[in-house]
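Structure at a glance
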Amino acid sequence: MFDFAWSEIAVIAVVALVVIGPKDLPKVLRTVGTWVGKARAIAREFQSSLDQMIREAELEEVRKQVEDAAKVDMSEAIERTIDPAGDVKRSLAEPASELEPPPPPAPAALEAATSESEPTASPPTEETGETVQPAPAKTGTPA
């Protein structure tokens, strides 16, 4: 706080001894000590209330940060961080629509297509020179 050297304290003590006198000096020192004690108590209380206000302010800030963090949609934040322009999402969405298999043909149309097509002879093979006839199409269910 204040910086007093021993020489300054000695000068103050000599002046107090001369001005106050040796008879009243103990009473004056006791009164000064009481005032200094009260001043220190007030300073300590003031410091503790400032510390408490700082802690409450910091706790309020931390509470607000926690609430803000709880409001954040993590999947959206990660998506924005990894793919801010949306290029990856678009590139993954396009092939999925292209890779969808065509719908299966209706059973009636499948039977009509197989019964209408007549078997044709295949061209002669180079090894034997014979033509291979396809097997006749089976219709109906086996018994």
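**Some words on the overall build of the protein**
- Scanning the protein for helices and strands turns up five helices and zero strands.
- The buried share of the protein, reckoned over its 143 residues, is 3%.

**Digging into a nonpolar patch on the surface**
- The grouping of Val11, Val14, Val15, Val18, Val19, Ile20, Val28, Val32 and Val36 at the surface amounts to a nonpolar patch, some 740 Å² of accessible area in total.
- Put simply, the parts of the chain that give the nonpolar patch at least two residues each are helix H1 (6-20) and helix H2 (25-71).
- Residue contributions to the nonpolar patch peak at six residues, all from H1.
- For valine 18, a relative accessible area of 67% gives the class exposed.

**Points about the pattern of salt bridges**
- Applying the stated criterion to the full structure yields three salt bridges.
- A salt bridge links arginine 63 to glutamate 60, with the shortest nitrogen-to-oxygen separation between them at 2.2 Å. Linking arginine 63 with glutamate 60, this pair stays in helix H2, spanning three residues, or about one helical turn.
- For the salt bridge of glutamate 76 with arginine 80, the shortest nitrogen-to-oxygen distance reads 3.7 Å. Taken together, the residues glutamate 76 and arginine 80, both in helix H3 (residues 74-82) and four residues apart, mark about one turn of the helix.
- Looking at glutamate 76, the relative accessible area reads 40%, which means it is partly exposed.

**Brief notes about the confidence of the model for the protein**
- When pLDDT is averaged across the protein, the result is 76; 64% of the residues are at 70 or more.
- By mean pLDDT, the top-scoring element of the protein is H2 (89), and the lowest-scoring one is helix H5 (residues 107-116) (57).

**Brief notes about the side chain of aspartate 83**
- In this fold, aspartate 83 is placed in the loop between H3 and helix H4 (87-98).
- Discounting residues that sit within four places of it in the chain, aspartate 83 has contacts with Val88 and Lys89.

**Section: the environment of glutamate 79**
- Structurally, glutamate 79 is set in helix H3.
- Sequence separation of glutamate 79 and lysine 89 is 10 residues, and the distance between their C-alpha atoms is 9.2 Å.

Rules of the game
Residues numbered from 1 in each chain as written. Predicted model: local features only at pLDDT ≥ 70, side-chain atom pairs only at ≥ 80, totals over all residues. Heavy atoms only, no water. Helix = DSSP H or I, 4+ residues; strand = E, 2+ residues; numbered from the N terminus. Buried < 20%, exposed > 50% of the residue type's maximum accessible area, 1.4 Å probe, protein only. Patch = residues over 30% accessible without salt bridge, like charges linked within 9 Å, V, L, I, M, F, W, Y side chains within 5 Å. Areas by Shrake-Rupley, 256 points an atom, 1.4 Å probe, with all protein chains shown as cover. Salt bridge = Lys/Arg side-chain N within 4 Å of Asp/Glu carboxyl O. pLDDT = per-residue confidence, 0-100. Contact = heavy atoms within 4.5 Å.

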